[in-house]
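Here are the chains, one letter per residue:
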There are 2 protein chains.
Amino acid sequence: MARRSDHSRPELTELAVKAGVELIEKKGLSGFSARAVARKIGYTVGTLYHVFGDMDGFMLHIHGQTLDDLYAFLTKKLERSKKPSLDILAHGYLDFARAHFNRWDALFTFRTTASNEIPPWYAAKLRGLFLLTETALMPHVGNNEQAAQKHARILWSGIHGICVLSVSGKLDIVNADKAEKQIDMLLETYMAGVEKQL
Amino acid sequence: MARRSDHSRPELTELAVKAGVELIEKKGLSGFSARAVARKIGYTVGTLYHVFGDMDGFMLHIHGQTLDDLYAFLTKKLERSKKPSLDILAHGYLDFARAHFNRWDALFTFRTTASNEIPPWYAAKLRGLFLLTETALMPHVGNNEQAAQKHARILWSGIHGICVLSVSGKLDIVNADKAEKQIDMLLETYMAGVEKQL
DNA sequence: CGGCATTATTAAACAGTGTTCAATAATAAT
DNA sequence: ATTATTATTGAACACTGTTTAATAATGCCG
């Protein structure tokens, strides 16, 4: 029996999340299971349930890690580039989706059950990501915060949609442009429309 | 034992697909399983495997039905309205996603395994749906077919993205506009950009 | 029509899943 | 040192997709 003082609860949480992330990253969602994680960290499923409640709660923590990684990935790109922020963000999102496809994909395959609401700490991570786009949009909408929010949401929806359809490769029926070009076109065209409406 | 002549193979296929659709529609993907369908139609799982190969093959047929229903839904709306086709299609897509959420959701939760490629009959259904948008776009791009294809794809990505984020309700963090308004804004802004670029 | 080959259907089994729970080991509190 | 609390376990439950040998039902052919 693992001595309970082998890992503090935060340590155990981190250990499990890390193991889960590795499993998903390497084998996709199908390679991820309570028992697989337990085996990997030398504990039993019961311990995971003790820490996370259920697998949905566990997943939420893994997704939290993914959101953190995405945020770090995007902000780093923003810092190191002189190009317009919107382009960086949009293409960065695509890059991340490609580089961590299984994990990114899991983010949207996941469904919160009615009983398991989204916790505030998770909502905050999402808000932070949205803020990046809103901030990048501000100069294009005369620093109108409300307008920035609206357009950020729509633009991100579009970028996300392009990524879904192209990265999954499943709906690539039409002989379509590469995702990069589609993103450029979306940004160009949409922002041209925004400018025109000012 | 069910007499093999109770249903011809096409009949059996239709029976199973119908049962599967009902299960997903009512209880979501979690209520859908080989055994649940088998029980519903009075056969055994073995028969389902005999007909569909595996559950992915089965799913594909269910999704085929969903695409057919979506197509019928959209074309009917197009016929009965005098409003611009793009608006009808975009809002129709949202309406369908809402009315058949579980089924629509399953469409994208589903992942084709590497071995199980998308069959031509399925690709054709997708192509048909895309064509609706392309046709609607034609008059806005000077009847340039290539341009219509590009913009159709991007626009549908955007519409789809908005539906995903709003219908699932999971990422509704920001106090956002209703999906309808977002769709209108996307269409207005993007098409304004298209016009400007002509 | 009878017998043979084919095909459809079944039941049972396998390995895996999420989840629960009593028992027990390890710690904290008194 | 004894008691109360908490962490961990292992076994169980009811599921899941999938495979397979046996069998029932049919089509074919002489």
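Check the entry above for the structure.
Predicted model only: the values in this text are computed from it and were never measured.

Visitor: Just give me the short version of the overall build of chain A, but keep the residues and values in it.
Guide: The secondary structure content of chain A amounts to nine helices and zero strands. Considered along the principal axes of its C-alpha atoms, chain A spans approximately 65 × 40 × 35 Å. Buried positions account for 48% of the 198 residues belonging to chain A. Considering only residue pairs separated by 6 or more positions, chain A has 66% of its internal contacts joining residues 24 or more positions apart. Summed over all atoms, the accessible surface of chain A reaches about 10000 Å², with 53% contributed by carbon and sulfur.

Visitor: Outline the interface of chain A and chain B, supporting the account with residue identities and numerical values.
Guide: Each partner contributes to the interface: chain A provides 48 residues, whereas chain B provides 48 residues. Carbon and sulfur atoms make up 64% of the area that chain A and chain B hide from each other, which totals about 4300 Å². Linking chain A with chain B are zero salt bridges, by the criterion used here. Taken together, the links from chain A to chain B amount to four residue pairs in polar contact (both at pLDDT 80 or more). Contributions of two or more residues to the side of chain A that touches chain B are made by helix H6 (101-109), helix H7 (120-137), helix H8 (145-167) and helix H9 (179-197) of chain A. By residue class, the composition of the side of chain A that touches chain B is 20 nonpolar, 15 polar and 13 charged.

Visitor: With reference to specific residues and values, describe the relation of the copies chain A and chain B.
Guide: Screw-axis analysis of chain A against chain B gives a translation of 0.0 Å along the axis, an RMSD of 0.0 Å, and a rotation angle of 180 degrees. What we have between these two chains is a two-fold relation. The fraction of interface residues of chain A whose copies in chain B are also interface residues reaches 100%, indicating that both copies meet through the same surface.

Scoring rules and cut-offs
- Residues numbered from 1 in each chain as written.
- Chains lettered and ligands numbered in written order.
- Predicted model: local features only at pLDDT ≥ 70, side-chain atom pairs only at ≥ 80, totals over all residues.
- Heavy atoms only, no water.
- Helix = DSSP H or I, 4+ residues; strand = E, 2+ residues; numbered from the N terminus.
- Buried < 20%, exposed > 50% of the residue type's maximum accessible area, 1.4 Å probe, protein only.
- Contact = heavy atoms within 4.5 Å.
- Areas by Shrake-Rupley, 256 points an atom, 1.4 Å probe, with all protein chains shown as cover.
- Buried area = accessible area lost by both parts, 1.4 Å probe.
- Salt bridge = Lys/Arg side-chain N within 4 Å of Asp/Glu carboxyl O.
- Polar contact = N/O pair within 3.5 Å; in protein donor to acceptor, adjacent residues only side chain to side chain.
- Nonpolar A, V, L, I, M, F, W, Y, C, P; charged D, E, K, R; others polar.
- Least-squares fit on C-alpha atoms with pLDDT ≥ 70 in both.

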